[in-house]
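Observations on the three-dimensional arrangement
Single-letter residue listing:
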Amino acid sequence: MTWQPHITVATIVEDQGKFLFVEEFKAGQHVFNQPAGHLEANETLAQAALRETLEETAWDVELTGVVGIYLYTAPSNGVTYQRICFAARPVRHHPALALDSDIVRAVWMTREQLLAEPSRWRSELVPRCLDDYLAGPLHSLSLLRD
């Protein structure tokens, strides 16, 4: 049996104390996540983060740093994910852009609003990445080598 981790990216986007999340429909439930997704062939980690954020939220963002690198095994299916979490600032919204099909909506929320609904977190990485971003430090994008 071949074991292979899934490489994913996620983006923490902050604006005036609120954070950009996606509400998605997974396993019969509406859950919150950072804009996130899988690395695709022939793209860098930064390109993947920018693409996923735009596809899931209709926001162009500017990456400002790396929050952290996480290893997570989902208890629901045993799949291991390596998540590279970025920080970003919003640049431009495209309200006419259709969101990915599994995204219900993009929503700006405070940390307190997110923490009030733990049953709606996609995984425990959602609050962990947010809290790591808030606690710092933010690592330079030059940490990445393409």
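Residues numbered from 1 in each chain as written. Predicted model: local features only at pLDDT ≥ 70, side-chain atom pairs only at ≥ 80, totals over all residues. Heavy atoms only, no water.

1. Brief notes about the pairing of strand β2 (residues 18-26)
Condition: If DSSP finds at least two bridges between two strands, the strands pair. Secondary structure elements follow DSSP: runs of H or I no shorter than four residues count as helices, runs of E no shorter than two count as strands, and numbering proceeds from the N terminus.
Relative to β2, strand β1 (residues 6-15) runs antiparallel, the two sharing 2 bridges. Following the sheet pairing, Glu14 is matched in β2 by Phe19. In textbook terms, the turn of a hairpin is the stretch between consecutive antiparallel strands, and for β1 and β2 this stretch comprises 2 residues, one of which, Gln16, has a positive phi near 50 degrees. Note that β2 and strand β7 (residues 103-109) share 6 bridges and pair antiparallel. Across the sheet, residue Glu24 finds its bridge partner in β7, namely Ile103. Bridge analysis of β2 against strand β3 (residues 29-33) gives 5 bridges, and the strand direction is antiparallel. Residue pairing for β3: Glu24 is matched across the bridge by Val31. Remark: 2 residues form the turn of the hairpin made by β2 and β3, two consecutive strands paired antiparallel; Ala27 in that turn has positive phi of roughly 50 degrees.

2. What to know about the side chain of Asn33
Short version of the rule: A 1.4 Å probe rolled over the protein chains alone gives each residue an accessible area, and that area as a share of the maximum for its type sets the label: buried under 20%, exposed over 50%, partly exposed in between. Definition of a polar contact: a pair of N or O atoms within 3.5 Å, with one able to donate and the other able to accept a hydrogen when the atoms are protein atoms, and with sequence-neighbouring residues admitted only if both atoms are side-chain atoms. Contacts were defined at the residue level, with two residues in contact if any of their heavy atoms lie within 4.5 Å.
Considering the arrangement of structural elements, one finds Asn33 in strand β3. Judged by relative accessible area, which is 6%, Asn33 ranks as buried. Reaching out from Asn33, the side chain makes a polar contact with the side chain of Glu24 at a distance of 3.3 Å. The contacts of Asn33, once residues within four sequence positions are left out, are Phe21, Val22, Glu24, Arg83, Arg122 and Val126.

3. A short note on the layout of surface pockets
What counts is decided by this rule: Using a 1 Å grid laid over the protein atoms alone, points where a 1.4 Å probe fits but cannot get out form a cavity; open sets with protein on both sides within 12 Å along at least 5 of 7 lines form a pocket; any residue with an atom within 4 Å of a point counts as lining. Grid points are joined across faces, edges and corners, and a volume is the space filled by probe spheres set on the points.
Approximately 660 Å³ is the volume found for the largest pocket. Asn33, Ala74, Tyr81, Arg122 and Ser123 are, among the 25 residues lining the largest pocket, the residues nearest its centre. At the level of secondary structure, the elements contributing two or more residues to the lining of the largest pocket comprise β2, β3, β4 (36-38), α1 (45-57) and β6 (80-93).

4. Concerning the nonpolar core
We apply this condition: The set of buried Ala, Val, Leu, Ile, Met, Phe, Trp, Tyr and Cys residues whose side-chain atoms join them within 4.5 Å is what this entry labels a nonpolar core.
If you look at the biggest cluster of nonpolar residues, it comprises 19 residues, and the most contacted ones within it are Ile12, Phe21, Cys85 and Leu114. Mapped onto this core, the elements with two or more residues apiece are β1, β2, β5 (59-73), β6, β7 and α3 (125-135). Considering each element in turn, this core owes the most residues, 4 residues, to α3. Aside from chain neighbours lying at most four places away, what touches Cys85 is Ala10, Ile12, Val66, Val67, Gly68, Tyr70 and Cys129.

5. What to know about the UniProt feature "domain: Nudix hydrolase" (unreviewed entry) in the chain
Applicable threshold: UniProt positions are given in the numbering used here, feature names are shortened, and annotations may be inferred rather than shown by experiment.
Taken from the UniProt record, the annotation "domain: Nudix hydrolase" (unreviewed entry) applies to residues 2-131. This span, residues 2-131, is 19% helix and 48% strand, and a straight line between its end C-alpha atoms measures 34 Å.

6. Points about unusual backbone geometry
Trans is the prevailing form of peptide bonds, just as negative phi is the prevailing case for residues other than glycine. Omega for the bond connecting Gly136 with Pro137 falls within 30 degrees of zero, at -5 degrees, which places this linkage in the cis form. Tracing the sequence through the fold places Pro137 in the segment after α3. Notably, Gln16 is not glycine yet its phi reads approximately 50 degrees, a positive angle. As for its placement among the helices and strands, Gln16 is situated in the loop between β1 and β2. In this structure Gln16 comes out as exposed when scored by relative accessible area, which is 76%.

7. A word on α1
Basically, it comes down to this: An expected span of 1.5 Å times one less than the residue number is assigned to each helix.
Under the 1.5 Å per step criterion, the end-to-end length of α1 is 18 Å for 13 residues, consistent within 8% with the ideal 18 Å. By the burial criterion, the buried members of α1 are Leu45, Ala48, Ala49, Arg51, Glu52, Thr53, Glu56 and Thr57. Positive phi shows up at Ala58, right after α1, with a value of about 70 degrees.

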